[in-house]
Amino acid sequence: MNGAEAFTKQGAELLAQSSGCNVWKFRNETGDGTMTCYELFDGVQLFYNDFHMEYVDSGYVPQKGVLVADHCSEGRMEYEYAENTFSYFEAHDVKLDTRQIHTGRFVFPSCHFHGITVGFATAIAERSLNGMIDGMTIDFDKLTEKFRIGKYPRVIRKNTALDSVFSGMYGVPDSIRLPYLQVKVLELLLCLDAAETSEDEKRQYFYRTQVEKVKAIKTFLAENMSDNFTQEELSEQFEIPLTTMKSCFRSVYGTSIGAWLTVFRMNRAAEMLINDRNKSAAEIAGLVGYDSASKFAAAFKRIMGRTPIEYRKDIR
């Protein structure tokens with residue numbers, strides 16, 4: 001945890017600062033994001049992460065004696081599962097990490113990510129937290145060993161107890177925020193101590209080359225949305241086995257190729273309905289890959305909740 005210096009080095013702007021709280025803004029050509037940091041105890045920080053961008057570059061410098069618990073409430077984030085191998089951290093997951101490879105580009109495939117990070121400077125945090133509750137002893141080395149956290153993160157998928165602890169940290173009233181978060185962090189440590197670790201991570205992982213091909217397929221489809229391609233054609237064109245292509249795409253983007261493309265087309269159609277009112281709904285249908293105006297209208301209503309005509313009328 002390098003604090004203000006690390007954020008400044010990666011181009012973040014300090015938006016606000018008060019006793020025990022800093023708000024940092026990140027911007028690049030893909031969007032922006034904020035991290036709101038609270039100092040809860042000596043050696044313990046909590047961050048609210050809200051990103052609406054494709055990626056953020058981290059200038060963090062790895063250091064010893066750090067343990068971090070990340071929670072995702074919405075969106076997804078790519079992380080290195082092993083060397084040149086990737087998996088995806090998504091809603092209700094908890095990621096435990098010593099931040100040894102927490103430098104470089106962090107990708108948000110859905111272009112948004114919301115979550116919480118609790119960071120411990122382990123030696124300092126043990127001194128400040130131990131003795132706070134009778135009978136509670138905190139040993140970060142034991143937690144690290146228990147969850148087999150090494151160079152790469154360990155992701156705990158949808159553990160109900162851990163997810164519940166983190167979920168309680170969102171939307172806390174300002175009047176009780178600091179003491180409430182302090183209690184929740186102690187609860188988090190107790191839950192980690194009690195959590196079962198018998199099951200290995202079950203989420204699929206993919207090699208860098210597979211991920212790069214799937215991302216290229218997504219870009220290709222976005223740039224050619226008026227055309228229609230079978231998945232077999234995409235598999236052959238991008239030289240990736242069909243089954244691998246399907247499962248990798250779903251892992252990266254959280255949905256199937258067909259479902260992603262439908263939502264993408266409807267969002268583009270919605271923009272055209274508002275910004276180019278000289279075009280009819282039937283013309284827009286053709287521009288987003290539909291040769292049938294009725295099929296387009298049905299798909300648009302399913303995704304957007306209104307027919308194209310209703311949407312154009314209601315959104316001014």
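Residues numbered from 1 in each chain as written. Predicted model: local features only at pLDDT ≥ 70, side-chain atom pairs only at ≥ 80, totals over all residues. Heavy atoms only, no water.

S.K.: Explain the overall build of the chain here, please?
M.R.: What the chain contains, in helices and strands, is 12 helices and 12 strands. Oriented by its inertia axes, the alpha-carbon framework of the chain measures out at about 70 × 45 × 35 Å. Classification of the 316 residues of the chain by burial places 46% in the buried group. A fraction of 67% describes how many contacts in the chain between residues 6 or more apart in sequence connect residues 24 or more apart. Per element, the accessible surface of the chain, about 16000 Å² overall, is 50% carbon and sulfur. (Helix = DSSP H or I, 4+ residues; strand = E, 2+ residues; numbered from the N terminus. Buried < 20%, exposed > 50% of the residue type's maximum accessible area, 1.4 Å probe, protein only. Contact = heavy atoms within 4.5 Å. Areas by Shrake-Rupley, 256 points an atom, 1.4 Å probe, with all protein chains shown as cover.)

S.K.: Which parts of the structure should I look at to understand the packing of helix 6 (residues 208-223) against helix 8 (residues 242-253)?
M.R.: To describe two helices that pack against each other, one gives the angle between their axes and the distance between the axes. Between helix 6 and helix 8, the least distance of the axes is 9 Å, while the angle of their chain directions is 80 degrees. Here helix 8 runs roughly perpendicular to helix 6, going by the angle between their axes. Contacts between helix 6 and helix 8 involve Gln210, Val211, Val214, Lys215, Ile217 and Lys218 on the former and, on the latter, Thr244, Met245, Cys248, Phe249, Val252 and Tyr253. Per-class residue counts for the contact of helix 6 with helix 8 are eight nonpolar, two polar and two charged. (Axes fitted to C-alpha atoms, helices over the stretch in contact; angles between N-to-C directions. Parallel < 35°, antiparallel > 145°, perpendicular 65-115°, else oblique. Nonpolar A, V, L, I, M, F, W, Y, C, P; charged D, E, K, R; others polar.)

S.K.: I keep staring at the pattern of salt bridges and nothing clicks. Help me out?
M.R.: Any two side chains of opposite charge can pair, on the condition that their charged atoms come close. In this structure the tally under the stated criterion is 17 salt bridges. For the salt bridge of Asp70 with Arg99, the shortest nitrogen-to-oxygen distance reads 2.9 Å. Of the two residues, Asp70 is situated in strand 6 (residues 66-82) and Arg99 in the loop between strand 8 (94-97) and strand 9 (104-107); the sequence distance between them amounts to 29 residues. According to the relative accessible area criterion, Asp70 is buried, its value standing at 5%. Looking at Arg99, the relative accessible area reads 8%, which means it is buried. (Salt bridge = Lys/Arg side-chain N within 4 Å of Asp/Glu carboxyl O.)

S.K.: I tried to follow the packing of aromatic side chains on my own but got confused; where do I start?
M.R.: Geometrically, a pair of aromatic rings is defined through the distance of the ring centres and the angle of the planes. Within this structure, the stated rule accounts for 16 aromatic pairs. Look at Tyr38 and Tyr48: their rings are 6.0 Å apart centre to centre, the planes differ by 85 degrees, and that puts the pair in the edge-to-face class. You can see Tyr38 sitting in strand 3 (residues 31-41) and its partner Tyr48 sitting in strand 4 (residues 44-52), a full 10 residues away along the chain. Take Tyr48: its relative accessible area is 12%, and that puts it in the buried class. On the numbers, 6.0 Å between centres and 40 degrees between planes, the contact of Phe89 with Phe113 is tilted. A residue pair is termed long-range when its members are at least 10 positions apart, and Phe89 in strand 7 (residues 85-90) and Phe113 in strand 10 (residues 113-121) qualify at 24 residues. Chaining the aromatic ring pairs together yields one cluster made of Phe26, Phe51, Phe89, Phe108 and Phe113. (Phe/Tyr/Trp six-rings, centres within 6.5 Å; stacked < 30°, edge-to-face > 60°.)

S.K.: How should I be thinking about unusual backbone geometry in this particular structure?
M.R.: Generally, phi is negative for residues other than glycine and the peptide bonds are trans, each holding for most cases. In the Ramachandran plot, His92 falls in the positive-phi region, its phi being about 80 degrees despite a non-glycine side chain. Summarising the element assignment, His92 is placed in the loop between strand 7 and strand 8. With relative accessibility at 38%, the residue His92 sits in the partly exposed group. Phi at Arg148 is positive, roughly 55 degrees, even though this residue is not glycine. By the secondary structure assignment, Arg148 is in the loop between helix 3 (140-146) and strand 11 (154-156). The class for Arg148 is partly exposed, based on a relative accessible area of 46%.

S.K.: Help me understand the pairing of strand 3, please; the structure alone is not making it clear to me.
M.R.: For a regular strand, the rule is simple: side chains alternate between the two faces of the sheet. Extensive coverage of strand 3 is indicated by the burial of eight of its 11 residues. Sheet analysis places strand 2 (residues 21-28) next to strand 3, joined by eight bridges and oriented antiparallel. Among the inter-strand pairings, Lys25 is bridged to a residue of strand 3, identified as Thr34. Connecting strand 2 to the next strand, strand 3, in antiparallel fashion are two residues. Bridging between strand 3 and strand 4 involves nine bridges; their strand directions are antiparallel. Considered in strand 4, the bridge of Thr36 is made with Tyr48. (Pairing = 2+ DSSP bridges.)

S.K.: Would you take a moment to explain the packing of helix 9 (residues 257-275) against helix 11 (residues 293-304) for this structure?
M.R.: Where helix 9 meets helix 11, the closest approach of the two axes is 10 Å, and the angle between their N-to-C directions is 95 degrees. Overall, the two elements helix 9 and helix 11 adopt an arrangement that is roughly perpendicular. On helix 11, the residues that touch Thr262, Val263, Met266, Asn267, Ala269, Ala270 and Leu273 of helix 9 are Phe296, Ala299, Phe300, Arg302, Ile303 and Met304. Looking at the contact of helix 9 with helix 11, its residues break down into 10 nonpolar, two polar and one charged.

S.K.: Explain helix 6 to me, please; I cannot follow it from the model alone.
M.R.: Taking 1.5 Å as the rise per residue, helix 6 with 16 residues should run 22 Å; its terminal C-alpha atoms sit 23 Å apart, in good agreement. All of the buried residues in helix 6 are Val211, Val214, Ile217, Lys218, Phe220 and Leu221. Here the buried face of helix 6 lies against strand 6, strand 7, strand 12 (206-207), helix 7 (231-237), helix 8 and helix 9. (Expected span 1.5 Å × (residues − 1).)

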